[in-house]
Amino acid sequence: MKAVIQHKFGDSHVLQWAEVETPTLNEEEVLIKTALTSVNYADIKSRKGNKGKGKFPFTLGLDAAGTIVEAGESSGFEVGDRVIAFPIGGSYAEYVKAHKHLTFKIPESLCFEQAAAMPTVSILSYILLHEIGQVKKSDTIVVHSGAGGVGSMLVQLAKLAGVENVIATVGNLNKEDYVKRMGADRVCTYDTFSEEVLQLTNGKGAHVIFDSVAGEVTTASLDCLALYGTLVQFGNSSGSAGHFKTSDVHSSCRNVKGFSLGTTRKHRPDMLAPAAEQVIDLFASGKVKLPIAKIFDLSEAAQAHDLIESRKYEGKVLIRV
């Protein structure tokens, strides 16, 4: 089968179009003919080596949408099932294999484009909003990187849940219209959001802040986090660690919660099925939707990565296989 592999860390030129062996299954796995896969920022970090050592060659890609062409005896799936999945060994490939606990059926009413856009960002966002952040309707929340995939989903899911005041941040206000179309009530830049949040809340601050940027954004987030508020930290796209002191949280009764979808896929995959069921229903019914920035062919994976790194896009970038 055809796949995109890399033999070393580096820029997008390390991604190579190659012929590789089709995966073989055990009884709890399924083989999926990939229709589309999404490009996530984690792919960029993995390609560069920012997520640790790599066993070369390897294939990138966190999630995929497609059709099952082979099913293990104990998988619970059948040939022909339309699914989304978190594959084993990457998703930039014509065929991928996935464990039954990380594979989810999708209805005929859900097109593969939206299905491919949703797995990582929507399941992550649902868990962040409802389980980690435990956001209430009366809360004021801040969603960092509001124009990205997770940001777009968090804003939509928050408004769907009736959250009264959703503030989103962006690197450049030329993305303001897009984020407001997703449902944000206010859009700020990273440079000004802390002051604007305090102004909008009469100095009280936000109840929950979702931080995937880290670095200086984490520090500024604590500057505008309310008493008893929660900072949900789930990434560091800035490339820098965020810092805070114990005194930043104990006397103000605030807390910091961390969450990783990758860690959860590995150690607690059972946590994903309830969230997956909810978001699949939301997408299938049209209650939420992810704008597609651009769809590349599998042989154009390098161009897809270049677009992600440019940050000159809105919504999700997909690869058609």
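Here, the structure is the one placed above.
Anyway, here's the lowdown on the structure attached to this text. Everything numeric here is computed off the predicted structure, so don't read it as measured data. (Residues numbered from 1 in each chain as written. Predicted model: local features only at pLDDT ≥ 70, side-chain atom pairs only at ≥ 80, totals over all residues. Heavy atoms only, no water.)

Structural notes on the overall build of the chain
- Assigned secondary structure in the chain consists of 10 helices and 15 strands.
- Here the chain has a C-alpha radius of gyration of 20 Å; the compact-globule value for 321 residues is 20 Å, and the two agree.
- For the chain, the spread of C-alpha atoms along the three principal axes comes to 60 × 40 × 35 Å.
- Taken across its 321 residues, the chain has 54% of its residues classed as buried.
- Counting contacts in the chain only where the partners sit at least 6 residues apart, residues at least 24 apart contribute 68% of the total.
- About 14,300 Å² of surface is accessible on the chain, with carbon and sulfur atoms providing 48% of the total. (Helix = DSSP H or I, 4+ residues; strand = E, 2+ residues; numbered from the N terminus. Rg over C-alpha atoms; globule rule 2.2 N^0.38 Å. Buried < 20%, exposed > 50% of the residue type's maximum accessible area, 1.4 Å probe, protein only. Contact = heavy atoms within 4.5 Å. Areas by Shrake-Rupley, 256 points an atom, 1.4 Å probe, with all protein chains shown as cover.)

Some details on the nonpolar core
- Counting residues in hydrophobic clusters, the biggest one holds 58 residues, and the most contacted among them are Ile123, Leu128, Ile141 and Phe210.
- In this structure, Leu128 is in contact with Gly133, Gln134, Val150, Leu154, Phe210, Val232, Phe234 and Phe259, ignoring residues within four places of it in sequence.
- Formed by 16 residues, the second largest nonpolar core is a distinct cluster that contains Ile44, Phe58, Leu60 and Phe296. (Core = buried A, V, L, I, M, F, W, Y, C linked by side-chain atoms within 4.5 Å.)

As for the side chain of Lys45
- Along the chain, the position of Lys45 falls in helix H1 (residues 41–48).
- In contact with Lys45, other than residues within four places in its own chain, are Asn50, Lys51 and Asn236.

Focus on the pattern of salt bridges
- Inspection of every chain in the model, using the stated rule, returns 14 salt bridges.
- Note that Glu19 is salt-bridged to Lys2, the shortest N-O span being 3.4 Å. Here Glu19, found in strand E2 (residues 16–19), pairs with Lys2, found in strand E1 (residues 2–5); they are 17 residues apart in sequence, far enough to count as distant.
- Judged by its relative accessible area of 56%, Glu19 falls in the exposed class.
- Here the salt bridges do not stand alone but share partners, grouping Arg47, Lys48 and Glu309 into one network. (Salt bridge = Lys/Arg side-chain N within 4 Å of Asp/Glu carboxyl O.)

Here we look at unusual backbone geometry
- Note the cis peptide between Phe56 and Pro57, where omega equals -10°.
- You can see Pro57 is positioned in the loop between H1 and strand E4 (64–71).
- We note that Tyr228 has phi near 65°; this positive angle belongs to a residue other than glycine.
- Looking at the element boundaries, Tyr228 is found in strand E12 (residues 225–233).
- Given the relative accessible area of 61%, Tyr228 is considered exposed.

Some words on the side chain of Glu29
- Topologically, Glu29 is positioned in strand E3 (residues 29–39).
- One polar contact links the side chain of Glu29 to the main-chain amide nitrogen of Asn26, over a distance of 3.1 Å. (Polar contact = N/O pair within 3.5 Å; in protein donor to acceptor, adjacent residues only side chain to side chain.)

Notes on the packing of helix H6 (residues 193–200) against helix H7 (residues 216–223)
- Two numbers describe how H6 lies on H7: the axes approach to 9 Å, and their chain directions differ by 15°. Comparing the axis directions of H6 and H7 gives the class roughly parallel. For the crossing formed where H6 meets H7, the hand is right-handed. Residue-level inspection shows Phe193, Ser194 and Leu198 of H6 in contact with H7, the latter providing Val217, Ala220, Ser221 and Asp223.
- Its residues assigned to classes, the contact of H6 with H7 comprises four nonpolar, two polar and one charged. (Axes fitted to C-alpha atoms, helices over the stretch in contact; angles between N-to-C directions. Parallel < 35°, antiparallel > 145°, perpendicular 65-115°, else oblique. Left-handed = near helix turned anticlockwise from the far one by under 90°. Nonpolar A, V, L, I, M, F, W, Y, C, P; charged D, E, K, R; others polar.)

Notes on the sheet that holds strand E9 (residues 165–170)
- Strand order in the open sheet formed by six strands is E10-E9-E8-E11-E12-E13, and the pairing between neighbours is parallel. Each edge of the open sheet carries a strand with a single partner, namely strand E10 (186–189) and strand E13 (255–258). Each strand of the sheet is rotated relative to its neighbour by a mean of 20°, with strand direction disregarded.
- Here four bridges tie strand E8 (residues 140–143) to E9, and the two strands are oriented parallel to one another. (Pairing = 2+ DSSP bridges.)

Remember, this is a structural readout, not a statement about activity or role.
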